[in-house]
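Descriptive analysis of the structure
One letter stands for each residue in the lines below.
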Amino acid sequence: MADLKKIAVSGKGGVGKTTLSALLAHVFVERGREVIAIDADPAGGLAEALGFPPELRAQVTPVSELEDLIYERTGAQPGTFGGFFSLNPRVDDIPDRFSISHNGIRFLRLGTIESGGSGCICPESAMLKALVTHLLLYNQEMLVLDMEAGVEHLGRATAQAVDAFLVVVEPGRRSLATAAAVRTLAADIGIVRVYGVGNKVSSDAEWDFLQKESPVPLLGYLSTNPELLEADMYGRSVFASAPRAAEEARKIVDALEAL
Ligand SMILES: Nc1ncnc2c1ncn2[C@@H]1O[C@H](COP(=O)(O)OP(=O)(O)O)[C@@H](O)[C@H]1O
Ligand SMILES: [Mg+2]
């Protein structure tokens, strides 16, 4: 892909989305790109996986918790439903104001929408959706979006801006079923460039299984790697802690760039 700019990572909980997102972000930095990594999963953890030091992480307020700003920009108090509020709030200053940077990677956390969950029409969700749209359409940095298993925050209008929608799969039926569901959700909003990445692959047989059963074409895989687990235990950079995984991630980026 000549002009690879925006990548979203999805998949079943615990499958390795955050691990893969962090590795990819570092590979892009290594290749001279300016990278913004967005934690869009309420479960969080991307800043840790990227190796952001605790003092810096402590400075991050998830965008969904910027109550005064949400009120100012949408005209409605977060946590409220109905009534009138702007679906198109100003967000262009948010990446600069609320991101932290470390080792060439800018980081922003979207946070959780408490009231209503998926599809909720509330000021917070309007704000997050506008922000993701802005990042996808008007931000020039290489973007890595660590998401949930859905397509939340992505709308039809912005779907076309996603260059590659990655779904992490592990050898097992449940993650493959999630991948199939994600592919359908993505297709519903017009995303066709959906690719899989295998994770926690321990043998050739498992990789063969994934290649045979995956509902989406696979770009590569990360091996089962105790160094990744250890990095998670101690909140260390996965890229720095697991050289083999870093090398596997480079191959995945090669495959992306070759698309
Ligand atoms: N290839 C791997 N080998 C071993 N452990 C892994 C691997 N990939 C991820 N893990 C571990 O699995 C857990 C879930 O990974 P994570 O990236 O947080 O998943 P997700 O973001 O999809 O919930 C973490 O403890 C992580 O360290
Ligand atoms: Mg995660």
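So, a few notes on the structure that sits alongside this text. Computed from a prediction, not measured in an experiment: that's the story for all the values here.

Brief notes about the sheet that holds strand β5 (residues 142-146)
The strand order across the open sheet formed by 8 strands is β3-β4-β2-β5-β1-β6-β7-β8, and the pairing between neighbours is mixed. The open sheet has two free edges, formed respectively by β3 (100-102) and β8 (218-223), since each of these has just one partner strand. Within this sheet the neighbouring strands show an average axis-to-axis angle of 25 degrees, counted without direction. Where strand β6 (residues 164-169) lies against strand β7 (residues 194-201), 5 bridges are found, and the strand directions are parallel. Residue pairing across strands places Val-168 opposite Val-197, the latter belonging to β7. The sheet contacts of helix α8 (residues 173-188) involve β1 (6-11), β6 and β7, and relative to β6 the element is tilted by about 160 degrees.

Some thoughts on the site of ligand 1
Surrounding ligand 1, one finds 18 residues, the nearest of these being Gly-16, Lys-17, Thr-18, Thr-19 and Asp-232. Taken together, the elements giving at least two residues each to the shell around ligand 1 come down to α1 (17-30), β7 and α10 (226-234). Its residues assigned to classes, the shell around ligand 1 comprises 5 nonpolar, 10 polar and 3 charged.

Considering the packing of α1 against helix α12 (residues 243-258)
For the pair α1 and α12, interaxial distance at closest approach is 9 Å and the crossing angle is 70 degrees. Looking at the two axes, α1 sits roughly perpendicular to α12. Facing Leu-23, Leu-24 and Val-27 of α1, the residues of α12 in contact are Ala-245, Ala-246, Ala-249, Arg-250 and Val-253. Partitioning the contact of α1 with α12 into residue classes produces 7 nonpolar, no polar and 1 charged.

Details of the pairing of β5
Burial analysis of β5 places 5 of its 5 residues in the buried class, which makes it a mostly covered element. Both faces of β5 are covered, namely the face carrying Met-142, Val-144 and Asp-146 and the face carrying Leu-143 and Leu-145. For β1 and β5, the ladder comprises 4 bridges, and the chain directions are parallel. Its bridge partner being in β5, Ala-8 is matched across the sheet by Leu-145. Of the strand pairs in this sheet, strand β2 (residues 35-39) and β5 are connected by 5 bridges, and their pairing is parallel. Paired with Ile-36 across the bridge in β5 is Leu-143.

Cut-offs and rules
- Residues numbered from 1 in each chain as written.
- Chains lettered and ligands numbered in written order.
- Predicted model: local features only at pLDDT ≥ 70, side-chain atom pairs only at ≥ 80, totals over all residues.
- Pairing = 2+ DSSP bridges.
- Helix = DSSP H or I, 4+ residues; strand = E, 2+ residues; numbered from the N terminus.
- Axes fitted to C-alpha atoms, helices over the stretch in contact; angles between N-to-C directions.
- Contact = placed C-beta atoms within 7 Å.
- Near = placed C-beta within 6 Å.
- Nonpolar A, V, L, I, M, F, W, Y, C, P; charged D, E, K, R; others polar.
- Parallel < 35°, antiparallel > 145°, perpendicular 65-115°, else oblique.
- Buried ≥ 20, exposed ≤ 12 C-beta atoms within 10 Å, placed from the backbone.

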